[in-house]
Amino acid sequence: MKTFLAGTAIALTAAALASGAQAASHSVGACLITKTDTNPFFVKMKEGATAKAEELGIDLKSFAGKVDGDHETQVQAIETCIADGAKGILIAASDTSSIVPAVQQAREAGLVVIALDTPLNPIDAADATFATDNFLAGELIGKWAAAKLGDAAADAKIGMLDLAVSQPTVGVLRDQGFLTGFGIDVMDPNKWGDEEDPRIVGNDVTQGNEEGGRRAMESLLASDPMINVVYTINEPAAAGAYEALKAIGRENDVLIVSVDGGCPGIQNVADGVIGATSQQYPLKMASLGIEAIAKWAEDGTKPEPTEGKDFFDTGVALVTDQPVEGVESISVAEGTDLCWG
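Each value, and the rule that gives it
- Residues numbered from 1 in each chain as written.
- Predicted model: local features only at pLDDT ≥ 70, side-chain atom pairs only at ≥ 80, totals over all residues.
- Heavy atoms only, no water.
- Helix = DSSP H or I, 4+ residues; strand = E, 2+ residues; numbered from the N terminus.
- Contact = heavy atoms within 4.5 Å.
- Areas by Shrake-Rupley, 256 points an atom, 1.4 Å probe, with all protein chains shown as cover.
- Lys, Arg positive; Asp, Glu negative; His and termini not counted.
- Charge placed at Lys NZ, Arg CZ, Asp CG, Glu CD.
- Pairing = 2+ DSSP bridges.
- Axes fitted to C-alpha atoms, helices over the stretch in contact; angles between N-to-C directions.
- Buried < 20%, exposed > 50% of the residue type's maximum accessible area, 1.4 Å probe, protein only.
- Salt bridge = Lys/Arg side-chain N within 4 Å of Asp/Glu carboxyl O.
- Disulfide = S-S within 2.5 Å.
- Parallel < 35°, antiparallel > 145°, perpendicular 65-115°, else oblique.
- Nonpolar A, V, L, I, M, F, W, Y, C, P; charged D, E, K, R; others polar.
- Right-handed = clockwise from strand over helix to strand, strands pointing away.

Looking only at helices and strands, one finds eleven helices and twelve strands in the chain. With the principal axes as the frame, the chain shows a C-alpha extent of 95 × 40 × 40 Å. The contacts of the chain with a sequence gap of at least 6 include a subset with a gap of at least 24, amounting to 70%. Working note: accessible area of the chain is about 14900 Å², and carbon and sulfur atoms make up 53% of it. Averaging the coordinates of the 23 positive side-chain charges in the chain and doing the same for the 50 negative ones gives two points 6 Å apart.

Attention now moves to the sheet that holds strand β3 (residues 88-91). Here we have six strands laid out as an open sheet, ordered β2-β1-β3-β4-β5-β11, and parallel in their pairing. What marks the edges here is a single partner per strand, and that holds for β2 (59-64) and β11 (312-313). Sitting on the sheet, helix α10 (residues 282-299) touches β1 (29-34), β2, β3, β4 (112-116), β5 (128-131) and β11, and the angle it makes with β4 is about 170°.

We now examine unusual backbone geometry. A cis amide bond, omega 10°, links N121 with the succeeding residue P122. Considering the arrangement of structural elements, one finds P122 in the loop between β4 and β5. Even without glycine at this site, D117 takes up a positive phi of about 70°. For D117, the position within the fold is in the loop between β4 and β5. Here D117 falls in the buried class, since its relative accessible area comes to 3%.

Moving on, we get to the pattern of salt bridges. Two side chains with opposite charge may pair up if their charged atoms get near one another. Inspection of every chain in the model, using the stated rule, returns 17 salt bridges. Between K44 and E47 there is a salt bridge, with its nearest N and O atoms 3.0 Å apart. Taken together, the residues span about one helical turn, with K44 and E47 both in helix α2 (residues 40-56) at a distance of three residues. According to the relative accessible area criterion, E47 is partly exposed, its value standing at 40%. For the salt bridge of E218 with R214, the shortest nitrogen-to-oxygen distance reads 2.6 Å. Here R214 and E218 lie together in helix α7 (residues 210-223), a separation of four residues that amounts to about one turn. On the basis of relative accessible area, E218 is assigned to the partly exposed category, the value being 39%. Taking the relative accessible area as the measure of exposure, R214 reaches 26% and is therefore partly exposed.

Turning next to the state of the cysteines. The term disulfide refers to a covalent linkage connecting the sulfur atoms of a pair of cysteines. Scanning the entire structure with this criterion turns up two disulfides. The disulfide that involves C31 links it to C81, with 2.2 Å between the sulfurs. Looking down the S-S bond of the C31 and C81 bridge, the torsion is -120°, so its handedness is left-handed. On the criterion of sequence distance, the pair formed by C31 in strand β1 and C81 in helix α3 (residues 71-83) is long-range, its members being 50 residues apart. The same class applies to C31 as to C81, namely buried. Through a disulfide, C263 is tied to C339; the S-S separation comes to 1.9 Å. The sign of the 80° torsion about the S-S bond sets the C263-C339 disulfide as right-handed. Residue C263 is found in helix α9 (residues 263-270), and its partner C339 is found in the segment after α11 (332-338); the two are separated by 76 residues along the sequence.

This next bit is on the packing of α3 against helix α4 (residues 100-108). Taken N-terminus to C-terminus, the directions of α3 and α4 make an angle of 5°; their axes are 10 Å apart at the nearest point. Looking at the two axes, α3 sits roughly parallel to α4. Of the residues in α4, those in contact with V75, I78 and I82 of α3 are A102, V103, Q105 and A106. Looking at the contact of α3 with α4 residue by residue, the classes come out as six nonpolar, one polar and no charged.

Our next topic: the pairing of strand β6 (residues 158-162). Most of β6 is tucked away: five of the five residues are buried. Side chains of β6 alternate between two faces, with I158, M160 and D162 and G159 and L161 buried alike. Note that β6 and strand β7 (residues 200-205) share five bridges and pair parallel. Looking at the pairing, I158 lines up with I200 of β7. Of the crossover connections in this fold, the one passing from β6 over helix α6 (residues 169-182) to the parallel β7 is right-handed. Inspection of the sheet shows β6 paired to strand β8 (residues 229-232) by four bridges, in the parallel sense. Residue pairing in the sheet places L161 in a bridge with T232 of β8.

Any functional reading would require information that these geometric values do not contain.
Printed below as a string of structure tokens:
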């Protein structure tokens, strides 16, 4: 009898282990695909996704391009996620148009695909988008710069430091928002660089990093060394632009504006490197995205966009210690408390 009971216990234990292993193999899988794994913005995004995945018991795998603009690595990541049987993908796309066929392949395979930060082109190529209102982010820094200059805005010399020649949506929206806020007529709102306003010295691309910002700033200064306003796609590019200006002794008489609002960027506002920046919230984007994948896996429900918009707006705030009339902003101290939450 003892032998029988022991054998039964062993059998039950083995069955329980097998059942547990089977349950584990059927856990919800999710993927996060970012442009790089070095930009602090995407580092924070990964933190948000990882924390929420651990909270909800989701198996998260993270992928990133080697550099901003590395489209092929992102396509390979999507293919891996499909093969792994993931339930959903969160993606900050480097090439917002060329990625669409791969995204469509994932959706046809039953995955929910959510764009983070950067809308796809067209935006409905993804099931949902969690992002800053990037046009508004640009518009806020444009309005601030124009108000800061006052009458001198009419004679400004503006350098535009954009993201990539492929013109992903996030870069176009911020660029066109800035120009609109500054009071410059844009031509085709779906691309940058076709404006005819003589105040624009030129556009160059930065790949969203410090070295790219420095190189692009040097190139534009070669065209006109008296540039006095610099728009930058993000804060690493702004830091590079500042270094190029510092090298010719002009770091104190050029107004630099940017977008991101990361903790290093907010410190650069405090230090006078950047005059004002529009703060966005990547941790929130990623956390909401993981929740959406969990909901999709549970009952097939997709997230709804913010009322009146075609994406879920995760918020934006202008951060500066030099507020101007007519442009709502928060202080550097407030921005530091909020940075990338």
